[in-house]
Amino acid sequence: MHKYTIKVPSSTSNIGPGFDVLGLGLKLFLTIHVTVHDDERPTTIDYTDKTPKGSVSLDLEENLITKTALYLARSYGTTLPNGLEIMVDNDIPLGRGLGSSGTAIVGGVMLANVACGLNLPKERLLDYCIMVEGHPDNVAASLLGGFVGSYLNEKASSLPPMKWGAENTIKQEDIPYKTSACIKMKWSKAIKVVVVIPKYELATSLARSVLPQQYDRKDIVFNLQRVTVLTHVLGDDVPNPEVIYEAMQDRIHQHYRQKLIPGLPEILALKPGFMKGFIGACMSGAGPTVLILATENFEAIGKKIQEIFMNYKDESGKPIDSYVKVLEVFNDGAVVINEDEN
Ligand SMILES: Nc1ncnc2c1ncn2[C@@H]1O[C@H](COP(=O)(O)OP(=O)(O)O)[C@@H](O)[C@H]1O
Ligand SMILES: N[C@@H](CCOP(=O)(O)O)C(=O)O
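Being a predicted model, the structure only gives us computed values, none of them experimental.

### What to know about the packing of helix 1 (residues 64-75) against helix 2 (residues 100-115)
Running from N to C, helix 1 and helix 2 cross one another at 45°; their axes reach a closest spacing of 7 Å. On the basis of their axis angle, the class for helix 1 and helix 2 is oblique. Considering only the axes of helix 1 and helix 2, their crossing is right-handed. Residues L64, I65, T66, T68, A69, L72 and A73 of helix 1 form the contact with helix 2, whose own contacting residues are S101, A104, I105, G107, G108, V109, L111 and A112. Class assignment of the residues belonging to the contact of helix 1 with helix 2 gives a composition of 10 nonpolar, five polar and no charged.

Printed below as a string of structure tokens:
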């Protein structure tokens, strides 16, 4: 018998104007403990108490971690072996815009890579992550860690359509290599991340379905100008709150999504100086979590945003309850730890 652990950081994506482009790995983890037994017992997956029973499937063909692992393994002409006891310890809330699906997908490709002895480089694993997730920002940040900017190559448009289970007959040679390019950028040590997480889920698929198919040129230019500046100013040792605030403004996704997140417009309108240390706020990923960038006063700022949410009501008419986490950037990306040596 031997054991290993796969640790995958959560992510916050977009950071305002960088829709489907920017992602940041955070110190809040999906941890997958794998025990490899010496016998042929069927492979199983289960979760610690942090994940409520019934919230995710434990069927290997349905669960996002194992079905991704099976997808990758099968495309390389193999499958997950018997004898694996997989225990998932997940600190990342599901459907809140902190990249839970991206971490499950990254966890799945890492699992297949180790369990099937594929030894693929992260660059190749990323091709599969992008296939499953459809956009690179959250999976790239979880796989690689740190502050990551990505683009998809033309090859990404020739990726075969996703088919799970028995319908999937894809071979690895059908999946193009290097479907994206990702660069890790500097993130200022002075800027911390505060997330205010409403206690309801918002599926990324729903938050993407409300976006328009086409945009005005002025809105595209508005975002291009800001995202370019943002990638530089977020690395400054001494951050300039006014410039960062303006560079966090967006016209491509948040406005369209605000109807799904009561209170969001009031939070997005908060400017530097509203509280000591506050730089700016935006949606985290596809929401409903709000991301706040700040240099100090983190708990108090988080509490104030919680109070704003409480002034708005959810679908059942109740005030929007939320909780706050102050998070650090995780620079290392997804890792496999051999527990036999520990
Ligand atoms: N650790 C996990 N194990 C299995 N499935 C997961 C896990 N994390 C996320 N998922 C799946 O992804 C869904 C959430 O994905 P999504 O709507 O994209 O939200 P998020 O913003 O959290 O990524 C969950 O409802 C669940 O089906
Ligand atoms: N760019 C995507 C990011 C989705 O991130 P998630 O954390 O909600 O999975 C989007 O905005 O749709």
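### Comments concerning the site of ligand 2
Around ligand 2, 18 residues are found, and the nearest of them are S13, G97, G99, G285 and A286. Of all elements in the fold, only helix 2, helix 4 (137-144) and helix 5 (204-209) reach the threshold of two or more residues within the shell around ligand 2. The element contributing the most residues to the shell around ligand 2 is helix 5, with three residues. Of the residues assigned to the shell around ligand 2, the class counts are four nonpolar, 11 polar and three charged.

### Some points on the sheet that holds strand 10 (residues 322-327)
Here four strands make up an open sheet; going across it, the order is 8-9-7-10 and the pairing antiparallel. Either end of the sheet is taken by a strand with one partner, and the two such strands are strand 8 (278-283) and strand 10. Across the sheet, the axes of successive neighbouring strands diverge by a mean angle of 20°, strand direction being ignored. One ladder, built from five bridges, connects strand 7 (residues 192-198) with strand 9 (residues 290-294); its direction is antiparallel. Bridged to V195 within strand 9 is L291.

### Observations regarding the domain arrangement of the protein
For the protein, the assigned domains read domain 1 (2-185 + 330-338) and domain 2 (192-327). Computed from C-alpha coordinates alone, the two centres of domain 1 and domain 2 are separated by 26 Å. Elements that contribute at least two residues to the side of domain 1 that touches domain 2 include exactly strand 1 (2-13), strand 2 (22-36) and strand 5 (147-152). Considered class by class, the residues forming the side of domain 1 that touches domain 2 number 11 nonpolar, 11 polar and two charged.

### A few points about the nonpolar core
The biggest cluster of nonpolar side chains holds 86 residues, and the ones touching the most others in it are V106, V109, A112, C129, L143, L291 and I292. Mapped onto the domain boundaries, this core takes at least three residues apiece from domain 1 (2-185 + 330-338) and domain 2 (192-327). Residues within four places of L291 in sequence aside, it is in contact with T12, I15, V193, V195, A281, C282, M283 and S284.

### Overview of the confidence of the model for the protein
For residues with low pLDDT, the predicted coordinates do not support detailed interpretation. Summing up the model confidence of the protein, the mean pLDDT is 96 and the portion of residues at 70 or higher is 99%. Interface confidence for the predicted complex, given as ipTM, is 0.99, next to a pTM of 0.97.

### Some points on the UniProt feature "domain: GHMP kinase N-terminal" (unreviewed entry) in the protein
According to UniProt, the feature "domain: GHMP kinase N-terminal" (unreviewed entry) maps to residues 63-146 in the numbering used here. Annotated as residues 63-146, this span is 57% helix and 8% strand, and its ends, taken at the C-alpha atoms, are 27 Å apart.

### A short note on the site of ligand 1
What surrounds ligand 1 is a group of 21 residues, the closest being L64, S100, S101, A104 and T204. Among the elements that line the shell around ligand 1, the one with the most residues is helix 2, at four residues. Considering only residue class, the shell around ligand 1 consists of 10 nonpolar, 10 polar and one charged. For the shell around ligand 1, the domains that each give at least three residues are domain 1 (2-185 + 330-338) and domain 2 (192-327).

### Some thoughts on the pairing of strand 3 (residues 44-47)
As paired elements, strand 3 and strand 4 (residues 84-90) share four bridges and run parallel to each other. Counterpart to D46 in the pairing with strand 4 is M87. The parallel pair strand 3 and strand 4 is bridged by helix 1, and the resulting crossover is left-handed.

Rules of the game
Residues numbered from 1 in each chain as written. Chains lettered and ligands numbered in written order. Predicted model: local features only at pLDDT ≥ 70, side-chain atom pairs only at ≥ 80, totals over all residues. Axes fitted to C-alpha atoms, helices over the stretch in contact; angles between N-to-C directions. Helix = DSSP H or I, 4+ residues; strand = E, 2+ residues; numbered from the N terminus. Parallel < 35°, antiparallel > 145°, perpendicular 65-115°, else oblique. Left-handed = near helix turned anticlockwise from the far one by under 90°. Contact = placed C-beta atoms within 7 Å. Nonpolar A, V, L, I, M, F, W, Y, C, P; charged D, E, K, R; others polar. Near = placed C-beta within 6 Å. Pairing = 2+ DSSP bridges. Domains from an automatic or database assignment. Core = buried A, V, L, I, M, F, W, Y, C linked by C-beta atoms within 7 Å. Buried ≥ 20, exposed ≤ 12 C-beta atoms within 10 Å, placed from the backbone. pLDDT = per-residue confidence, 0-100. UniProt positions renumbered as here; feature names shortened; annotations may be inferred. Right-handed = clockwise from strand over helix to strand, strands pointing away.

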